[in-house]
Amino acid sequence: AAMKQTKGLEGDKMSIIKFEFNPKVGIDNPALTLAEDTDGESVGEPRFYLLTKESSETFGFCLHEELGCQGHVIRQIELGGVAQRRGLQDGDRLLQVNGHFVDHMDHLRVVQKIKASGNQVLLAVLDGDSYEAAKSLGRDLSQMLPDDIRPRLCHVTRDKSGFGFSVSCPEGTKGTFQLSVLQDGPADRAGVPPGCWLLELNGDSVKSYSHTQLTKKLKQSGNKVTLLVASSAVEEFYRLRGLRVTAALADTSRLPFKVRELHLVKGPAGYGFLLKEDDCSSGGVGQFLWDVDVGLPAQQAGMKEGDRVLAVNGESIEGLDHEQTVHRIRAREDQVTLLVIDPAGDEFYHSVGFGGTVLL
């Protein structure tokens, strides 16, 4: 099939690829299916894959944008790779990435979403024939998917009444905890849904905890706790398919720490900051912003000393060294867009099991 000439991503490298766009992307868990009422039309069912890989691996397939072919197309499934072993099919169309509908998105943005997921991503796909049939019938493909399949991360700060939730657990069991939430209490204000199920506490799974152990852990948390929770519908979605819900898939919109996007246009005196490589408080090495000059573009864009750089011009710098990051910043002569996080936020996200790429 003829393919659109475009820029492509292969691993962490940017290059011009003639006639195709194929970033490596793979899979570790069985497919999930969701029935769709097709009113007798020949439209199949979306399939869900929770893809997990090692840092040194790819996800085992390529994502194409092709002339005369609608959607984001799964191609070049590696022979013997995890994608092939688990059942991802050539010609499948990608509909959803980590609970976000992507069929309407620009191809590069979809690729970035997959790459930003790190070593785990949840994809929803539809086989090519069903996709074409649904399009010809004018179907809204987003309606074939569940409204929300993401768990939720919530950061709760205790007040005089406590955390504002209570925990129930079936007698004699471990790891099964349902939360009752006090209306307008700390947990409610932090976004904890009533009747949800607790999956992780401060970045640690509660699967092996007894009720007594969980109570002890809560007391040891002091005045703040971070909870990974899932509504009954979300918990059932994963449980019925034997899949583990992780923080990497979570909705983080209610957390107090936010990443910031800084757009800088170079002035006569430059951008007005220095980039330094240093150890992260959470481990590893990162690229940090320092010596922010008063009145120059960096300060005007909201840069703060000590911010850690997560991405340059929409591309993660995970795994890049100092020189490679500088090269990315200088790639556009007169402007750059940086995604950054302050030290407190950086330390917090690592404490609950989030790597830098997930924050993208």
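Right above here is the structure, for reference.
Residues numbered from 1 in each chain as written. Predicted model: local features only at pLDDT ≥ 70, side-chain atom pairs only at ≥ 80, totals over all residues. Heavy atoms only, no water.

Draft legend 1. Region of interest: the packing of aromatic side chains. On inspection of all chains with the given rule, the structure shows 5 aromatic pairs. Ring geometry for Phe 257 and Phe 348: centres 4.8 Å apart, planes at 35 degrees, overall tilted. Of the two residues, Phe 257 is situated in the loop between α6 (232-239) and β16 (260-265) and Phe 348 in helix α9 (residues 343-351); the sequence distance between them amounts to 91 residues. Assessed through its relative accessible area of 23%, Phe 257 is described here as partly exposed. A residue is classified by how much of its surface remains accessible, and Phe 348, at 8% relative accessible area, is buried. If you follow Lys 53 out to its NZ or CZ, it ends over the ring of Phe 59, 5.2 Å from the centre. Sitting above the plane of the Phe 163 ring, Arg 158 keeps its charged end 4.3 Å from the centroid. (Phe/Tyr/Trp six-rings, centres within 6.5 Å; stacked < 30°, edge-to-face > 60°. Helix = DSSP H or I, 4+ residues; strand = E, 2+ residues; numbered from the N terminus. Buried < 20%, exposed > 50% of the residue type's maximum accessible area, 1.4 Å probe, protein only. Lys NZ or Arg CZ within 6 Å of the ring centre and 35° of its normal.)

Draft legend 2. Spotlight on the nonpolar core. Residues Phe 48, Leu 95, Leu 122, Leu 126, Leu 141, Ile 149 and Tyr 238 are the most contacted members of the largest nonpolar core, which totals 21 residues. Those elements giving two or more residues to this core turn out to be β4 (47-52), β9 (120-126), α3 (128-136) and α6. The two domains that each donate at least three residues to this core are domain 1 (47-144) and domain 2 (152-249). Formed by 20 residues, the second largest nonpolar core is a distinct cluster that contains Phe 165, Ala 187, Val 206 and Leu 218. (Core = buried A, V, L, I, M, F, W, Y, C linked by side-chain atoms within 4.5 Å. Domains from an automatic or database assignment.)

Draft legend 3. Summary view of helix α2 (residues 107-116). For α2, the full list of buried residues reads His 107, Val 110, Val 111, Ile 114 and Ala 116. Just beyond α2, the residue with positive phi is Gly 118, at close to 75 degrees.

Draft legend 4. Examining unusual backbone geometry more closely. In the Ramachandran plot, Asp 184 falls in the positive-phi region, its phi being about 65 degrees despite a non-glycine side chain. The topology assignment puts Asp 184 in the loop between β12 (177-181) and α4 (186-189). The backbone of Asp 291 sits at a positive phi, close to 50 degrees, despite the residue not being glycine. Within the fold, Asp 291 resides in the loop between β18 (285-290) and α7 (297-300).

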